[in-house]
Amino acid sequence: MQKIIQLMSEELEKAFENAGYDPRFARVVASNRPDLCEFQCNGAMAAKKTYKKAPIEIAKDVAVQLEGSDVFSKAEAVMPGFLNLDLQESWLAEYLTKMSEDPELAVQKVENPRTVIVDYGGPNVAKPLHVGHLRAAIIGECLKRMGRRLGDTVIGDVHLGDWGLQIGLIITELHERQPDLVYFDENYTGDYPEEAPFTIGDLEEIYPAASARSKEDEEYRNRALQATAELQQGRRGYHALWEQIMKLSVADLKENYRKLDVTFDLWKGESDVQKYIPDMVKKMQDDGFAYEDQGAWIVDVAEEGDAKQIPPCMLLKSDGASLYTTTDIATLLEREQIYHPDEVLYVVDKRQELHFVQVFRCARKTGIVRDETELNFLGFGTMNGKDGKPFKTREGGVMRLEELIGDINKEMYKKIVENRSVRDKDAEETAAIVGLSAIKYGDLSNQATKDYIFDVERFTSFEGNTGPYLLYTIVRIRSILERYEEAGGNAETCVLLPAEGKSEKDLMLQTARYNEALSGAYADKAPHRLCAYIYELANDVNTFYHEHRILAEEDTARQQSWIALMTLVRRVMLDAIDVLGFSAPERM
RNA sequence: GCGCCUGUAGCUCAGCGGAUAGAGCAACGGUUUCCGGUACCGUGUGUCGGAGGUUCGAUUCCUUUCAGGCGCGCCA
């Protein structure tokens, strides 16, 4: 279905044409003075130059054309040239009726569906997920869901950090601790044991220990680099160890992402594209893009007009090993070959922007990525604590995601059991559902590109612009609908009538804007705009709820209309939070 | 040094060229014949960091300046 704003614009276009003006000035936007009108058109002021006429005269000419309109109940020309518009209640009710008959809730699919790969994981194997991975997961998952809801084919890739020095470090540290392991015996030719010589817990301790030591102990670091190179060259024992690390890590990561309700279609990683690198580099050398500099192979990516010197892309280090950049370019190569995406979107910490500028330029310049393929980078800001500094544990360490989720759920549980309506056996499950809404909504309601303050108190509050507040509103609506049906009513057959009061009309107007809000948020890759929409919708619901006692209403037709409205609003809210990436409990 | 991002109410944030710059929190005061009061309604607060410019009109676009954060070839 078309957006109400479009339908209104079309109606206004006719009026502009009939009055002898160019219809392109007839753009309708939401009013920024809700006390004066519901919608407005500023086209008369923009048309001033074209027609060399006072804007107010143009607005008046148009307003005359709208007398007796089915769509507008008011079209008023106001100085200096605003056109103030109110919607016809009956027209609005008709729109909402169609919307509720539509399984898609009037959401208009994109005209030309595209294939979009969203790269939004980036966790390293052998390292637990920490708060740094939270934003990528939450924002990326939301963009994926928005895209799918609007008709694009979206492929989510976790893109594991499963190659490179970090693996070399683990191997080196393990060698240090358990030198007798068969994996280190270069003469061994038999099968390696099925059981890993470590647990995920061991790995999580080994890696930071090795990483710390490599920063102080140069000889140790060199051994790790050596191990990395040998792994890349295919040393059997190391490869078998790597497989063990992968097996444990991926299972653990999947479990953690599951708790966040985040899923990936692809569990690809840096290791998957190593096979492309030799040929890829060779081709770049043959084509004259890559050249040797101080023993390393690099590609220039500076362009004319750059405000600053963009450093070249390094493909191979002087020791012949590949790098992060090399892997990312090879990943683009594979993605082009297998998926032919229309867009590849990276949801990554904004501090990596320069890296991606280099990767994108190099991939384009060398012909790895087609000209038509859009390459985008959505850099998100840092998640800070209440002190405005990067979020840490009380002890000052990096906070693990599990710990953070655990804290939030505990807090939610406390609040929920204070309310006696929830039976104990459900309380924990409910706390997890509401807790997830607190975390995700707290993140998504902030602009992705900016840093934000993660405030547990605020995010878990049932008051204000929070996830729990939205869920509470949904639960309340559900409660009414349930009681209505228990009393013998049938919500499905209820018919919507034109609004009578202000809070009722406001709620209907806001409900009708869902299509617009969702499309706008996706087009701008801005989940916070969808959040703002649902929050306003929830406010409108609560205001309406407070003014009208639906179940006690004696006018049956009016009551049924309200039930129909509540049913529709609830569907919209559930649809919207699903797009954001969380769900609502039955009670809370 | 160069570059990027940010600066809006006491705090956390919206505001994507238009009328009187808005929410939430916090503070204070109301609303209960109550479908879940974890709600609703009301009250107060702003040199939109500063200075120029473009425009009929600038928080929004441009220039400059101040403050903070971040990034700048052999880590990822």
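Residues numbered from 1 in each chain as written. Chains lettered and ligands numbered in written order. Predicted model: local features only at pLDDT ≥ 70, side-chain atom pairs only at ≥ 80, totals over all residues. Heavy atoms only, no water.

**Q** Talk me through the overall build of chain A; I want residue IDs and the actual numbers.
**A** Along chain A, the regular secondary structure elements total 21 helices and 13 strands. Taken along the three principal axes of its C-alpha coordinates, chain A extends 90 × 65 × 40 Å. Taking all 588 residues of chain A together, 51% fall into the buried category. The contacts of chain A with a sequence gap of at least 6 include a subset with a gap of at least 24, amounting to 73%. Of the accessible surface of chain A, which amounts to about 27400 Å², a share of 47% is contributed by carbon and sulfur atoms. Once the 71 positive and 101 negative side-chain charges of chain A are each reduced to a mean point, those two points are 3 Å apart. (Helix = DSSP H or I, 4+ residues; strand = E, 2+ residues; numbered from the N terminus. Buried < 20%, exposed > 50% of the residue type's maximum accessible area, 1.4 Å probe, protein only. Contact = heavy atoms within 4.5 Å. Areas by Shrake-Rupley, 256 points an atom, 1.4 Å probe, with all protein chains shown as cover. Lys, Arg positive; Asp, Glu negative; His and termini not counted. Charge placed at Lys NZ, Arg CZ, Asp CG, Glu CD.)

**Q** Quick rundown of the state of the cysteines? Include the residues and the values.
**A** Per the counting criterion, the structure on display carries zero disulfides. This cysteine, Cys531, is not joined by any disulfide, and Cys142 carries the nearest cysteine sulfur, 7.0 Å off. On the basis of relative accessibility, which here comes to 1%, the residue Cys531 falls in the buried class. (Disulfide = S-S within 2.5 Å.)

**Q** Which residues make up the protein's contact with RNA strand B, and what values go with them?
**A** Lining the immediate environment of RNA strand B, one finds 63 residues, of which Arg33, Asn419, Phe462, Tyr545 and His548 sit closest. By atom count, sugar and phosphate contribute 58% of the portion of RNA strand B lying within 4 Å of the protein. At a separation of 2.8 Å, a base nitrogen of RNA strand B approaches a polar side-chain atom of Asn84. For RNA strand B, a phosphate oxygen lies 2.9 Å from a polar atom in the side chain of Lys450. Elements with a contribution of two residues or more to the surface near RNA strand B: helix H3 (48-51), strand E4 (82-87), strand E8 (296-299), strand E13 (452-453), helix H17 (467-486) and helix H20 (527-547). At eight residues, the largest contribution of residues to the surface near RNA strand B is made by H20. Of the residues that constitute the surface near RNA strand B, the class distribution is 25 nonpolar, 18 polar and 20 charged. (Near = heavy atom within 4 Å. Polar contact = N/O pair within 3.5 Å; in protein donor to acceptor, adjacent residues only side chain to side chain. Nonpolar A, V, L, I, M, F, W, Y, C, P; charged D, E, K, R; others polar.)

**Q** Kindly report on the pattern of salt bridges, identifying the contributing residues and their values.
**A** Applying the stated criterion to the full structure yields 54 salt bridges. When the shortest N-O distance is used, the salt bridge between Asp157 and Arg335 registers 2.8 Å. Of the two residues, Asp157 is situated in strand E6 (residues 153-157) and Arg335 in helix H12 (residues 324-339); the sequence distance between them amounts to 178 residues. For the pair shown, Asp157 and Arg335 are each scored as buried. (Salt bridge = Lys/Arg side-chain N within 4 Å of Asp/Glu carboxyl O.)

**Q** Before we move on, could you go through the sheet that holds strand E1 (residues 28-30) and cite the residues and values that matter?
**A** The strand order across the open sheet formed by four strands is E1-E2-E4-E3, and the pairing between neighbours is antiparallel. A single partner strand is all that each edge strand has here, and the edge strands are E1 and strand E3 (72-78). Across the sheet, the mean angle separating the axes of adjacent strands is 30 degrees when strand polarity is ignored. Pairing between E1 and strand E2 (residues 39-41): three bridges, direction antiparallel. Among the inter-strand pairings, Val28 is bridged to a residue of E2, identified as Cys41. Packing of helix H4 (residues 55-65) onto the sheet brings it into contact with E3 and E4, and relative to E3 it is tilted by some 160 degrees. (Pairing = 2+ DSSP bridges. Axes fitted to C-alpha atoms, helices over the stretch in contact; angles between N-to-C directions.)

**Q** Explain the domain arrangement of chain A to me, using residue names and the numbers behind them.
**A** Partitioning chain A into domains gives domain 1 (4-87), domain 2 (115-161 + 266-380) and domain 3 (165-259). Across the contact, 17 residues belong to domain 2 and 17 residues belong to domain 3. Carbon and sulfur atoms supply 71% of the area buried between domain 2 and domain 3, which totals about 1500 Å² over both sides. Among the residues of domain 2 in contact with domain 3, Val125, Ala126 and Trp267 are the three that bury the most area, contributing 40% of the side total. Remark: the boundary between domain 2 and domain 3 carries zero salt bridges. Counting the contacts that link domain 2 with domain 3 gives three residue pairs in polar contact (both at pLDDT 80 or more). Its residues assigned to classes, the side of domain 2 that touches domain 3 shows 10 nonpolar, five polar and two charged. (Domains from an automatic or database assignment. Buried area = accessible area lost by both parts, 1.4 Å probe.)

**Q** How would you sum up the sheet that holds strand E10 (residues 343-349)? Please name residues and give values.
**A** Sheets are built from strands that pair by backbone hydrogen bonding, the pairs being arranged parallel or antiparallel. Within the open sheet, the four strands sit side by side as E6-E5-E10-E11. Their pairing is parallel. One side of each edge strand has no neighbouring strand; the edge strands of this open sheet are E6 and strand E11 (374-380). In this sheet, adjacent strand axes meet at a mean angle of 20 degrees when their direction is disregarded. Bridge count for strand E5 (residues 115-119) against E10 is four bridges, and the pairing is parallel. Along E10, the bridge assignment pairs Val116 with Glu343.

**Q** Could you give an account of the environment of Tyr469, naming the residues involved and the relevant values?
**A** Here Tyr469 lies in helix H17. Residue classification places Tyr469 among the buried positions, given a relative accessible area of 12%. For Tyr469, the residues in contact, after removing those within four places along its chain, are Ser461, Phe462, Gly464, Tyr535, Ala538, Asn539 and Asn542. There is a polar contact of 2.7 Å between the side chain of Tyr469 and the side chain of Asn539.

**Q** Before we move on, can you summarise the pairing of E11 with the specific residues and values?
**A** For E10 and E11, the ladder comprises seven bridges, and the chain directions are parallel. Note on E11: the bridge partner recorded for Val344 is Leu375. In this fold, E10 hands off to helix H13 (residues 353-365), which returns the chain to E11; that crossover is right-handed. (Right-handed = clockwise from strand over helix to strand, strands pointing away.)

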